[in-house]
Amino acid sequence: MPKSEVTPNSPSVNKSVSAKPSSVELHIPIKILSNETATGSNTPSGNIHFREQKGDFQRLRTMMNSLLIVLFFALPFISIDGRQAILLDISQQQFFFFGITLWPQDFTLLAWIFIAAAFSLFFITVFWGRVWCGYLCPQTAWTFIYVWIETRIEGSSNKRKQLDKAPWSSSKLGKRSTKHLLWGLAALLTGCGFISYFIPARELYIDIFTGNASFWVTSWVWFFAICTYLNAGWMREQMCLHCCPYSRFQAVMFDANTKTVTYDAKRGESRGPRKRKQETNLRESNLGDCVDCNLCVEVCPTGIDIRNGLQYECINCGACVDACNETMLKFDYKQNLIGYMSENDLKGVNYSYWRSPRFLGYGAAVVIMLVVIGLDLNSRSEIQLNVIRDRQSLYRETTDNKIENTYQLKIRNKTQDTKQYQLAVDSEMPFSLIADPIITLAAGEQVDYPVTVLADKDAIQSGRKMIQFSVTDVKQPSQQVSQETGFFSP
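Residues numbered from 1 in each chain as written. Predicted model: local features only at pLDDT ≥ 70, side-chain atom pairs only at ≥ 80, totals over all residues. Heavy atoms only, no water.

Q: I'd like a description of the overall build of the protein, backed by residues and values.
A: Looking only at helices and strands, the protein features 16 helices and 16 strands. Long-range pairs, those at least 24 residues apart, make up 66% of the contacts in the protein with a sequence separation of at least 6. Summed over its atoms, the accessible surface of the protein is roughly 26700 Å², and 59% of this surface lies on carbon and sulfur atoms. (Helix = DSSP H or I, 4+ residues; strand = E, 2+ residues; numbered from the N terminus. Contact = heavy atoms within 4.5 Å. Areas by Shrake-Rupley, 256 points an atom, 1.4 Å probe, with all protein chains shown as cover.)

Q: So, the sheet that holds strand 16 (residues 480–489): which residues are in play, and what are the values?
A: Taken in spatial order, the four strands make up an open sheet running 13-11-15-16, and their pairing is antiparallel. If you trace the sheet from one side to the other, it starts and ends with strand 13 (438–441) and strand 16, each paired once. When strand polarity is set aside, the average angle formed by the axes of neighbouring strands in this sheet is 30°. Pairing geometry for strand 11 (residues 419–426) and strand 15 (residues 463–473), over six bridges, is antiparallel. Looking at the pairing, Asp-426 lines up with Gln-468 of strand 15. (Pairing = 2+ DSSP bridges. Axes fitted to C-alpha atoms, helices over the stretch in contact; angles between N-to-C directions.)

Q: Talk me through helix 6 (residues 157–165); I want residue IDs and the actual numbers.
A: Listed as buried for helix 6 are Ser-157, Arg-160, Lys-161, Leu-163 and Asp-164. Each buried residue of helix 6 lies within a common arc of 160° when the element is viewed along its axis, so the set occupies one face. Residues of helix 6 that are exposed and angled more than 90 degrees away from the buried face: Lys-159, Gln-162 and Lys-165. If you follow the buried residues of helix 6, they end up packed against helix 5 (138–154) and helix 7 (170–195). (Buried < 20%, exposed > 50% of the residue type's maximum accessible area, 1.4 Å probe, protein only. Arc of directions from axis to C-beta.)

Q: Kindly report on unusual backbone geometry, identifying the contributing residues and their values.
A: Looking along the chain, the bond that leaves Glu-269 and enters Ser-270 is cis, with omega of 0°. With respect to the helices and strands, Ser-270 occurs in the loop between helix 12 (265–268) and helix 13 (295–298). Of note in this structure, Asn-294 is not a glycine but carries a positive phi near 70°. Structurally, the position occupied by Asn-294 is in the loop between helix 12 and helix 13. Its relative accessible area of 17% is what places Asn-294 among the buried residues.

Q: Lay out the nonpolar core with the relevant residues and their values.
A: Of all hydrophobic cores here, the largest spans 31 residues; its most connected members are Val-261, Tyr-263, Ile-306, Cys-320, Val-321, Leu-337 and Ile-338. Of all the secondary structure elements, the ones that give two or more residues to this core are helix 3 (107–128), helix 4 (131–135), strand 6 (260–263), helix 13, helix 14 (319–330) and strand 7 (338–341). For this core, the element with the highest residue contribution is helix 14, accounting for six residues. Excluding residues that lie within four positions of it along the chain, Leu-337 makes contacts with Thr-262, Tyr-263, Asp-264, Arg-267, Gly-268, Asp-289, Cys-290, Cys-324 and Met-328. (Core = buried A, V, L, I, M, F, W, Y, C linked by side-chain atoms within 4.5 Å.)

Q: Let's hear about the confidence of the model for the protein: which residues, and what values?
A: Per-residue pLDDT for the protein averages 84, and the proportion of residues at 70 or more is 89%. In the model, residues 1–40 has pLDDT below 50 throughout and makes 48 contacts with residues more than four positions away in sequence or in other chains. (pLDDT = per-residue confidence, 0-100.)

Q: Quick rundown of the packing of aromatic side chains? Include the residues and the values.
A: On inspection of all chains with the given rule, the structure shows 28 aromatic pairs. With centroids separated by 5.5 Å and ring planes inclined at 65°, the aromatic side chains of Phe-50 and Phe-144 adopt a geometry described as edge-to-face. Residue Phe-50 is located in the loop between helix 1 (35–39) and helix 2 (56–74), and its partner Phe-144 is located in helix 5; the two are separated by 94 residues in the primary sequence. Considered together, Phe-50 and Phe-144 belong to a single accessibility category, that of buried residues. Every member of this aromatic cluster is reached through a ring pair, and the members are Phe-119, Phe-122, Tyr-246, Phe-249 and Tyr-362. The lysine or arginine in question, Arg-83, covers the ring of Phe-96, its NZ or CZ lying 4.3 Å from the ring centre. One Lys or Arg, Lys-172, reaches over the ring of Trp-168 and ends 4.6 Å from the middle of that ring. (Phe/Tyr/Trp six-rings, centres within 6.5 Å; stacked < 30°, edge-to-face > 60°. Lys NZ or Arg CZ within 6 Å of the ring centre and 35° of its normal.)

Q: Tell me about the pairing of strand 8 (residues 383–389), residues and numbers included.
A: Alternating residues of strand 8 divide into Ile-383, Leu-385, Val-387 and Arg-389, all buried, and Gln-384, Asn-386 and Ile-388, none buried. In this structure, strand 8 lies alongside strand 10 (residues 402–413), joined through seven bridges in antiparallel fashion. Of the residues in strand 10, the one forming a bridge with Val-387 is Leu-409.

Q: Talk me through the pattern of salt bridges; I want residue IDs and the actual numbers.
A: Evaluation of the coordinates by the stated rule reveals 22 salt bridges. Where Glu-154 meets Arg-176, a salt bridge forms, and the shortest distance between an N and an O atom there is 2.7 Å. In this pair, Glu-154 sits in helix 5 while Arg-176 sits in helix 7, placing the two residues 22 residues apart along the sequence. The residues Glu-154 and Arg-176 share a single accessibility class, namely buried. Through salt bridges with shared partners, a single ionic network connects Glu-150, Glu-154, Arg-160, Asp-164, Arg-176, Lys-179 and Arg-236. (Salt bridge = Lys/Arg side-chain N within 4 Å of Asp/Glu carboxyl O.)

Q: Describe the sheet that holds strand 4 (residues 94–97), listing the residues and the values that go with them.
A: Pairing is antiparallel across the open sheet formed by three strands, whose spatial order is 3-4-5. In this open sheet, the two edge strands, each paired with only one partner strand, are strand 3 (86–89) and strand 5 (100–102). Sheet twist, expressed as the average angle between the axes of neighbouring strands with direction ignored, equals 15°. Bridging between strand 3 and strand 4 involves four bridges; their strand directions are antiparallel. The partner of Ile-86 across the bridge, within strand 4, is Phe-97.

Q: Provide a residue-level description of the side chain of Gln-139, including the pertinent values.
A: Mapped onto the fold, Gln-139 is located in helix 5. For Gln-139, a relative accessible area of 15% translates into the label buried.

Q: Explain helix 16 (residues 357–379) residue by residue, including any values.
A: The terminal C-alpha atoms of helix 16, which comprises 23 residues, lie 33 Å apart, in line with the 33 Å expected from a rise of 1.5 Å per residue. Every buried residue belonging to helix 16 is among Phe-359, Tyr-362, Gly-363, Ala-365, Val-366, Met-369 and Ile-373, and all of these are buried. (Expected span 1.5 Å × (residues − 1).)

Q: A description of the environment of Val-349 should follow, citing residues and the corresponding values.
A: Mapping Val-349 onto the fold places it in the loop between helix 15 (343–347) and helix 16. Note on Val-349: relative accessible area 39%, which makes it partly exposed. Considered as a pair, Val-349 and Ala-256 are 93 residues apart in the sequence and their alpha carbons are 9.8 Å apart.

Q: Please provide a residue-by-residue account of the environment of Val-252, values included.
A: One can find Val-252 in the loop between helix 11 (246–249) and strand 6. On the basis of relative accessibility, which here comes to 54%, the residue Val-252 falls in the exposed class. Remark: the alpha-carbon pair of Val-252 and Thr-125, spanning 127 residues in sequence, is separated by 9.9 Å.

This is the structure we're talking about:
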């Protein structure tokens, strides 16, 4: 609903206006709120300056956002076995994840993880709506960091709006310069934090701030720094309103049991101002519990009025819930006029999630994906083998009546430890391997190992026979990989 549209419950409509047309209506002014007045946060420049709010949900949001940010910057500095815990080494085509080394052949595992994460998000959405956006989304976390910096320098939301309207002066220039300088520093640190997942973190930060980083590393760091500066500093709610795809399809996962930030219109309407300690019979005065303080709008990061009903712009951060509960406490009214409620909660209907098709469907999908990830991890081999036949000749006959075929074995050690492997050739017929059966590979090393397979000409049939090469870890025989290939004889 457009913010300037007047609804039957809007405080902008005089309640004494009759529903039937008459000449009296012409003498009673009906004030339609402008977009700026309706939101209470917009400025002529289009920026939304929302108020800082304290409360239980804001403490939870701050804790969750802080945990996200700390993990984002700290994880690259954690070492396991002398190696960065999480490192996507594109140049070496290796992905290190807490002691596990993943190669391009293992990226199906990452696909399963992303699919499981998506279904987990859908599963949570069935319960709590767009709560991910309010408490764990990086866009929200960095937006609140930038707003915190802005508030420390330019003051409260009212002072920031006044500063937007004020003419340029040395004071305004100084505040804006300081703000954008700190925004830029935060953006640069964020760019370094992101690239540190691709380049060793301890080297990256030193090289960037000393100017010793390569051109491409510097370019990528500044690219993500500029993106952060624009997204969190300038676009802010525009990312949530227009760019985020989740806001567009999250409503299809809702049902009557989904708890979202909701205004209890039955209890709150008709809204209107009143004195804090005024003893008023609300029924006789046609007033609900909503005192029309407009704080729920002023604290909203996306500038919406939750009293207009469920809107896709709402990120479920709970700021309006804390603001309304604070007001209800001052007026000695029951809390949660705005709260995390479902449609069935408002109707007083008891429900069971076990009967919800979405609950069962998304829950089953999450369980299936976790099982698939477990099976994929369990079947993942630490050895990679690729057998390539000699393409110059099918076979060779020796002077002692032997037939030999030549192969090139590409063997990779996918672990981060030096390993010894034993080579063998398996077949129903008597074949012998002409090569050293023990090979030692360093961590992550791949070698091209030429081998020759020999057989007596009289002991094998002519044509093509199938043989199987196997590579086994000497210390861990359970780690074995094999591949079939053909052996040719005249």
